[in-house]
Amino acid sequence: MSIHFTVSELTRNLFHSLGLDHERAPRPLNPEQNLLLECYLAGQIPESAWSDYVFETPDLARHAKVRRLSH
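We now turn to the structure provided with this report. Given the structure is predicted, the values throughout are model-derived calculations rather than measurements. (Residues numbered from 1 in each chain as written. Predicted model: local features only at pLDDT ≥ 70, side-chain atom pairs only at ≥ 80, totals over all residues. Heavy atoms only, no water.)

### Examining the overall build of the protein chain
Here is step 1 of the chain: Helix and strand counts for the protein chain come out as 4 helices and 0 strands.
Here is step 2 of the chain: Counting helices and strands in the order they occur from the N terminus, the protein chain gives α-α-α-α.
Here is step 3 of the chain: Considering the protein chain as a whole, with its 71 residues, one finds that 18% of them fall into the buried category.
Here is step 4 of the chain: Here the contacts in the protein chain between residues at least 6 apart in sequence split such that 51% fall between residues at least 24 apart.
Here is step 5 of the chain: Entry remark: accessible area of the protein chain is about 6,000 Å², with carbon and sulfur atoms responsible for 58%. (Helix = DSSP H or I, 4+ residues; strand = E, 2+ residues; numbered from the N terminus. Buried < 20%, exposed > 50% of the residue type's maximum accessible area, 1.4 Å probe, protein only. Contact = heavy atoms within 4.5 Å. Areas by Shrake-Rupley, 256 points an atom, 1.4 Å probe, with all protein chains shown as cover.)

### Focus on the packing of aromatic side chains
Here is step 1 of the chain: This model, assessed by the stated rule, comprises 1 aromatic pair.
Here is step 2 of the chain: Relative to Trp50, the ring of Tyr40 lies with its centre 3.9 Å away and its plane at 5°, an arrangement referred to as stacked. In this pair, Tyr40 sits in helix H2 (residues 31-41) while Trp50 sits in helix H3 (residues 47-56), placing the two residues 10 residues apart along the sequence. Accessibility classification places Tyr40 together with Trp50 in one group, the buried group. (Phe/Tyr/Trp six-rings, centres within 6.5 Å; stacked < 30°, edge-to-face > 60°.)

### What about the pattern of salt bridges?
Here is step 1 of the chain: Per the counting criterion, the structure on display carries 2 salt bridges.
Here is step 2 of the chain: Here Asp59 makes a salt bridge to Arg62, at a shortest N to O gap of 2.3 Å. Note that Asp59 and Arg62 are positioned in helix H4 (residues 59-70) at a spacing of 3 residues, about one turn of the helix.
Here is step 3 of the chain: For Asp59, a relative accessible area of 11% gives the class buried. (Salt bridge = Lys/Arg side-chain N within 4 Å of Asp/Glu carboxyl O.)

### Focus: the side chain of Gln33
Here is step 1 of the chain: Checked against the element boundaries, Gln33 lands in helix H2.
Here is step 2 of the chain: Not counting residues within four places of it along the chain, the set of residues in contact with Gln33 comprises Thr57 and Leu60.

Given below as C-alpha coordinates:
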(Lines give C-alpha, C1' and ligand atoms only; values in the text may rest on other atoms or scores of the structure.)
Protein backbone atom coordinates (compact mmCIF):
# COMPACT_ATOMS: atom_id res chain seq x y z
CA MET A 1 0.00 0.00 0.00
CA SER A 2 1.34 3.38 -0.92
CA ILE A 3 0.04 6.89 -0.32
CA HIS A 4 1.04 9.76 -2.56
CA PHE A 5 0.75 13.45 -1.77
CA THR A 6 1.98 16.41 -3.70
CA VAL A 7 3.66 19.27 -1.90
CA SER A 8 0.83 21.61 -2.89
CA GLU A 9 -1.77 19.26 -1.33
CA LEU A 10 0.19 19.04 1.90
CA THR A 11 0.72 22.79 2.00
CA ARG A 12 -2.96 23.48 1.31
CA ASN A 13 -4.00 21.01 4.02
CA LEU A 14 -1.57 22.55 6.50
CA PHE A 15 -2.83 26.07 5.82
CA HIS A 16 -6.42 24.86 6.10
CA SER A 17 -5.79 23.08 9.40
CA LEU A 18 -4.19 26.23 10.81
CA GLY A 19 -7.04 28.41 9.56
CA LEU A 20 -4.71 30.36 7.32
CA ASP A 21 -6.19 29.49 3.96
CA HIS A 22 -7.16 32.60 2.06
CA GLU A 23 -10.08 30.96 0.33
CA ARG A 24 -11.93 30.78 3.62
CA ALA A 25 -10.64 33.94 5.26
CA PRO A 26 -13.33 36.60 5.46
CA ARG A 27 -12.84 39.84 3.60
CA PRO A 28 -12.37 42.99 5.68
CA LEU A 29 -15.60 44.72 6.66
CA ASN A 30 -16.39 48.34 5.96
CA PRO A 31 -17.24 50.56 8.98
CA GLU A 32 -21.01 50.04 8.59
CA GLN A 33 -20.66 46.25 8.41
CA ASN A 34 -18.30 46.29 11.38
CA LEU A 35 -20.90 48.21 13.40
CA LEU A 36 -23.57 45.66 12.41
CA LEU A 37 -21.30 42.86 13.56
CA GLU A 38 -20.60 44.54 16.89
CA CYS A 39 -24.33 45.16 17.47
CA TYR A 40 -25.17 41.57 16.58
CA LEU A 41 -22.52 40.14 18.89
CA ALA A 42 -23.80 42.41 21.68
CA GLY A 43 -27.29 40.97 21.22
CA GLN A 44 -28.80 44.16 19.81
CA ILE A 45 -29.84 42.65 16.46
CA PRO A 46 -32.38 39.79 16.41
CA GLU A 47 -31.56 36.60 14.51
CA SER A 48 -34.25 37.29 11.89
CA ALA A 49 -32.70 40.63 10.97
CA TRP A 50 -29.18 39.18 11.13
CA SER A 51 -30.09 36.47 8.64
CA ASP A 52 -31.21 39.20 6.22
CA TYR A 53 -27.86 40.98 6.59
CA VAL A 54 -25.97 37.71 6.15
CA PHE A 55 -27.97 36.90 3.03
CA GLU A 56 -26.82 40.20 1.50
CA THR A 57 -23.24 39.98 2.85
CA PRO A 58 -22.12 36.39 3.61
CA ASP A 59 -18.79 37.63 4.99
CA LEU A 60 -20.67 38.93 8.05
CA ALA A 61 -21.38 35.34 9.11
CA ARG A 62 -17.73 34.39 8.64
CA HIS A 63 -16.59 37.32 10.78
CA ALA A 64 -19.13 36.44 13.48
CA LYS A 65 -17.91 32.84 13.53
CA VAL A 66 -14.27 33.89 13.76
CA ARG A 67 -15.06 36.31 16.59
CA ARG A 68 -17.00 33.68 18.54
CA LEU A 69 -14.21 31.14 18.15
CA SER A 70 -11.59 33.62 19.33
CA HIS A 71 -13.46 34.46 22.57
